[in-house]
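Single-letter residue listing:
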Amino acid sequence: MGIDVGGSSIKCALVDLDTGAFASERFSTPTPAQGPTDALLNALNTVVSNVPGDYAVGLAFPSVVRNGCALTAANLNKAWIGKPLAAMAGERLHRPVIAINDADAAGLAELRDGAARGVAGTVLLLTLGTGIGTALFVDGRLVPNTEFGHLQVAGREAELRASGRAKVEQNLSWDAWAEQLNRVLEEMHALLWPDLIVLCGGITEEPEKFMSKLHCEAPL
Ligand code: BGC
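Description of the structure in this document. (Residues numbered from 1 in each chain as written. Predicted model: local features only at pLDDT ≥ 70, side-chain atom pairs only at ≥ 80, totals over all residues. Heavy atoms only, no water.)

### A short note on the pairing of strand S4 (residues 57-61)
In summary, the side chains of a regular strand alternate between the two faces of the sheet.
Line of reasoning, step 1. Across the 5 residues that make up S4, a large majority, 4, are buried.
Line of reasoning, step 2. In this sheet, S4 lies alongside strand S1 (residues 2-5) in parallel orientation, the contact comprising 3 bridges. Paired with Asp4 across the strands is Ala60, a residue of S4.
Line of reasoning, step 3. The pairing of S4 with strand S7 (residues 97-101) spans 5 bridges and is classified as parallel. (Buried < 20%, exposed > 50% of the residue type's maximum accessible area, 1.4 Å probe, protein only. Helix = DSSP H or I, 4+ residues; strand = E, 2+ residues; numbered from the N terminus. Pairing = 2+ DSSP bridges.)

This is the structure in structure tokens:
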């Protein structure tokens, strides 16, 4: 069972590990992002209780996650910092839980079944949602917990410029948002020289609105 904790909603579904396809309906509930840790654990329980069976859980979480512990909380209640996330979720959901950073999870999926499949060299993946998450791969190996969404780009954090939330909250036109994303891509490219950049996140469901406005030295 896969659970993705996003800034605005928590999504849950069974996933066929052989094909990467959903093996059940997808359920979601709003994320109590700034609420106490208990509220978020309750929300996890709510989505999970919709899916029959007591499958083990892979939990994608929007923070640095090391050895099952959440170590940052950029867009969450700061009470999460230092908490044993996987153990707490396992206890609440009564099943084994493995937790990793959300962008790293997205990157592993793209590498196995998506846009980065079979790509050698350096691959950078960006999730453009409430924040900007990043996953970095070198010859198919994940460098875990990269946080380039917090890179300062001309004095302002990348995720405050070009996340999905930045577009909505700052009421940016597609042109203005794409221009911000171009600045972010340029800076990341200058520092990492990736062979491929993969863009994902809800906003990329409308590629026709912005892909033609992006320019980057790496293939997108
Ligand atoms: C967090 C990352 C997370 C990203 C996307 C950032 O604000 O620091 O850990 O991957 O948002 O959710």
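So much for the structure itself; the text now carries on.
### Let's talk about the side chain of Ser163
Line of reasoning, step 1. Along the chain, Ser163 turns up in the loop between helix H4 (158-162) and helix H5 (164-169).
Line of reasoning, step 2. Classification of Ser163 as buried rests on a relative accessible area of 1%.
Line of reasoning, step 3. Look past the residues within four positions of Ser163 in its chain and what remains in contact with it is Gly129, Thr130, Gly131, Ile132, Ala158 and Trp177. (Contact = heavy atoms within 4.5 Å.)

### What to know about the environment of Ala56
Line of reasoning, step 1. Here Ala56 shows up in the loop between helix H1 (37-48) and S4.
Line of reasoning, step 2. Separated by 42 residues in the primary sequence, Ala56 and Ile98 have C-alpha atoms spaced 8.2 Å apart.

### What about H1?
Line of reasoning, step 1. A rise of 1.5 Å per residue sets the reference length of H1, with its 12 residues, at 16 Å; its end C-alpha atoms lie 17 Å apart and thus fit the reference within 8%.
Line of reasoning, step 2. Inspection of H1 places Thr37, Leu40, Leu41, Ala43, Leu44, Val47 and Val48 among the buried residues, and these make up the whole buried set. All buried residues of H1 fall inside an arc of 155 degrees around its axis, so they share one side.
Line of reasoning, step 3. Summarising the contacts, the buried residues of H1 are in contact with S1, strand S2 (9-13), strand S3 (27-30), S4 and helix H2 (85-93). (Expected span 1.5 Å × (residues − 1). Arc of directions from axis to C-beta.)

### A word on the packing of H1 against H2
Line of reasoning, step 1. Packing of H1 against H2 brings their axes to within 10 Å, and their N-to-C directions diverge by 50 degrees. Here H2 runs oblique to H1, going by the angle between their axes. Crossing geometry of H1 relative to H2 is assigned as right-handed. Of H2, the residues touching H1 (which contributes Thr37, Asp38, Leu41, Asn42, Leu44, Asn45 and Val48) are Met88, Ala89, Arg92 and Leu93. (Axes fitted to C-alpha atoms, helices over the stretch in contact; angles between N-to-C directions. Parallel < 35°, antiparallel > 145°, perpendicular 65-115°, else oblique. Left-handed = near helix turned anticlockwise from the far one by under 90°.)

### Regarding a nonpolar patch on the surface
Line of reasoning, step 1. Residues Val15, Leu17 and Phe22 make up a contiguous nonpolar surface patch of about 310 Å² in total accessible area.
Line of reasoning, step 2. With respect to the secondary-structure elements, Leu17 resides in the loop between S2 and S3. (Patch = residues over 30% accessible without salt bridge, like charges linked within 9 Å, V, L, I, M, F, W, Y side chains within 5 Å. Areas by Shrake-Rupley, 256 points an atom, 1.4 Å probe, with all protein chains shown as cover. Salt bridge = Lys/Arg side-chain N within 4 Å of Asp/Glu carboxyl O.)

### Topic: the site of the ligand
Line of reasoning, step 1. Neighbouring the ligand are 14 residues; Asn101, Asp102, Glu147, His150 and Glu159 lie closest to it.
Line of reasoning, step 2. For the ligand, an oxygen atom lies 2.6 Å from a polar atom in the side chain of Asp102.
Line of reasoning, step 3. In this structure, an oxygen atom belonging to the ligand sits 2.7 Å away from a side-chain N or O atom of His150.
Line of reasoning, step 4. Relative to its unbound accessible area of 310 Å², the ligand is 94% covered by the protein chains.
Line of reasoning, step 5. Residues of the shell around the ligand, tallied by class, amount to 4 nonpolar, 7 polar and 3 charged. (Near = heavy atom within 4 Å. Polar contact = N/O pair within 3.5 Å; in protein donor to acceptor, adjacent residues only side chain to side chain. Nonpolar A, V, L, I, M, F, W, Y, C, P; charged D, E, K, R; others polar.)

### Remarks on the sheet that holds strand S8 (residues 122-128)
Line of reasoning, step 1. Taking strand neighbours across the sheet as the criterion, the 4 strands line up as S10-S9-S8-S13 in an open arrangement whose pairing is mixed. Every other strand in the sheet has two partners, leaving strand S10 (141-143) and strand S13 (196-200) as the edge strands with one partner each. Neighbouring strand axes in the sheet, compared pairwise and without regard to direction, differ in orientation by 25 degrees on average.
Line of reasoning, step 2. Bridging between strand S9 (residues 132-138) and S10 involves 3 bridges; their strand directions are antiparallel. By the bridge assignment, Leu136 is partnered in S10 with Val143.
Line of reasoning, step 3. Across the sheet, helix H3 (residues 102-113) lies against S8, S9, S10 and S13, angled at about 45 degrees from S9, the strand it touches most.
Line of reasoning, step 4. Helix H6 (residues 174-192) rests against S8, S9 and S13 of the sheet, and its axis sits at about 150 degrees to S8.

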